[in-house]
Amino acid sequence: MAKQQISLTVNGKAVDALVEPRTLLIHFLREDLSLTGPHIGCETSHCGACTVDLDGKSVKSCTVFAVQANGSEVTTIEGIAAADGALHALQEGFREMHGLQCGFCTPGMITRAYRLLQENPKPIEAEIRMGISGNLCRCTGYQNIVKAIQYAAAKLAGVPFEEAAE
Ligand code: FES
Ligand code: FES
């Protein structure tokens, strides 16, 4: 199949590539760009492990063709930390609040939460749970993921994090 030229920005860097029209964005990111943070879980848009940010929206990159990202800005988990390596508040929150176990869902979960906190910087618990409802976690039971996102929201707002009683 004839390849098509695409130009996009991935984690702040300009990328030019030739891709087959059938290539999924997740495969382009992982195989062509070696960005293996976004994971492949279901490949049917159910699990959210492949979530990336595409032009300011969370997308499941297993249901987007790479050619559809032509001209776009893509952020993956590899682009969430600061350039000097300092962890993003969400990454810190997941570490501090034990928001992961096996970690398979974590890159997609953090990338989704990154957009969620820009859409809604002060979410209540129900809004967090709704906001990550497209991302499945088989290990944690979600409680500590919610706490991690609350931790990050507080840190980004410059207010102390107060853990809610369970
Ligand atoms: S791999 Fe994309 S949603 Fe599961
Ligand atoms: S930490 Fe294992 S799937 Fe979420």
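Keep in mind the model is a prediction, meaning the values are calculated, not measured.

Chemist: Describe the overall build of the protein, with residues and values.
Modeler: Of the regular secondary structure elements, the protein holds five helices and five strands. Counting from the amino terminus, the protein carries its helices and strands in the arrangement β-β-α-β-β-β-α-α-α-α. Against the compact-globule benchmark of 15 Å for 166 residues, the protein has a radius of gyration of 16 Å, which places it among compact chains. Out of the 166 residues belonging to the protein, those deemed buried represent 46%.

Chemist: How would you sum up the packing of helix 3 (residues 106-119) against helix 5 (residues 143-157)? Please name residues and give values.
Modeler: Helix 5 packs onto helix 3 with a crossing angle of 40° between their chain directions and a minimal axis gap of 11 Å. One element, helix 3, and the other, helix 5, form an angle in the oblique class. Considering the relative orientation of helix 3 and helix 5, their crossing is right-handed. Across from Met 109, Ala 113 and Leu 117 in helix 3, the residues of helix 5 making contact are Ile 145, Ile 149, Ala 152, Ala 153 and Leu 156. In terms of residue class, the contact of helix 3 with helix 5 is built from eight nonpolar, no polar and no charged.

Chemist: Which residues make up the nonpolar core, and what values go with them?
Modeler: Within soluble globular proteins, side chains that are nonpolar tend to cluster in buried spots. Ranked by internal contacts, the top residues of the largest apolar core, which has 23 residues, are Leu 90, Phe 94, Met 109, Ile 145 and Ile 149. A per-element tally of this core places helix 5 first, with seven residues. Setting aside chain neighbours within four positions, we find Ile 149 in contact with Leu 90, Phe 94, Ala 113, Leu 117, Ile 128 and Ile 132. By size, the runner-up hydrophobic cluster in this structure holds 17 residues, among which are Val 19, Val 52, Leu 54 and Ala 66.

Chemist: Break down the sheet that holds strand 3 (residues 51-54) for me, citing the residues and quoting the values.
Modeler: Taken together, five strands build an open sheet; the order of strands is 2-1-5-3-4 and the sheet is mixed. Two strands in the sheet have a free side with no partner beyond their single neighbour: strand 2 (13-19) and strand 4 (57-60). Averaged over all pairs of adjacent strands, the angle between their axes in this sheet comes to 40°, without regard to strand direction. Relative to strand 2, strand 1 (residues 4-10) is paired through seven bridges, and the arrangement is antiparallel. When the bridges of strand 2 are listed, Gln 5 appears paired with Leu 18. Across the sheet, helix 1 (residues 25-32) lies against strand 1, strand 2, strand 3 and strand 5 (73-75), angled at about 105° from strand 2, the strand it touches most. Docked against the sheet, helix 3 engages strand 3, strand 4 and strand 5, running at close to 35° with respect to strand 3.

Chemist: Break down helix 1 for me, with residues and values.
Modeler: For helix 1, the complete set of buried residues consists of Leu 25, Ile 26, His 27, Phe 28 and Leu 29. Elements in contact with the buried residues of helix 1: strand 1, strand 2, strand 3 and strand 5.

Chemist: Tell me about the side chain of Asn 135, and please be specific about residues and values.
Modeler: You can see Asn 135 is positioned in the loop between helix 4 (125-131) and helix 5. Non-local contacts of Asn 135, meaning those with residues more than four positions away in its chain, are made with Cys 47, Gly 48, Thr 51, Gly 108, Met 109, Arg 112 and Tyr 142.

Procedures and definitions
Residues numbered from 1 in each chain as written. Chains lettered and ligands numbered in written order. Predicted model: local features only at pLDDT ≥ 70, side-chain atom pairs only at ≥ 80, totals over all residues. Heavy atoms only, no water. Helix = DSSP H or I, 4+ residues; strand = E, 2+ residues; numbered from the N terminus. Rg over C-alpha atoms; globule rule 2.2 N^0.38 Å. Buried < 20%, exposed > 50% of the residue type's maximum accessible area, 1.4 Å probe, protein only. Axes fitted to C-alpha atoms, helices over the stretch in contact; angles between N-to-C directions. Parallel < 35°, antiparallel > 145°, perpendicular 65-115°, else oblique. Left-handed = near helix turned anticlockwise from the far one by under 90°. Contact = heavy atoms within 4.5 Å. Nonpolar A, V, L, I, M, F, W, Y, C, P; charged D, E, K, R; others polar. Core = buried A, V, L, I, M, F, W, Y, C linked by side-chain atoms within 4.5 Å. Pairing = 2+ DSSP bridges.

Everything listed is a geometric property; what it means functionally is a separate question.
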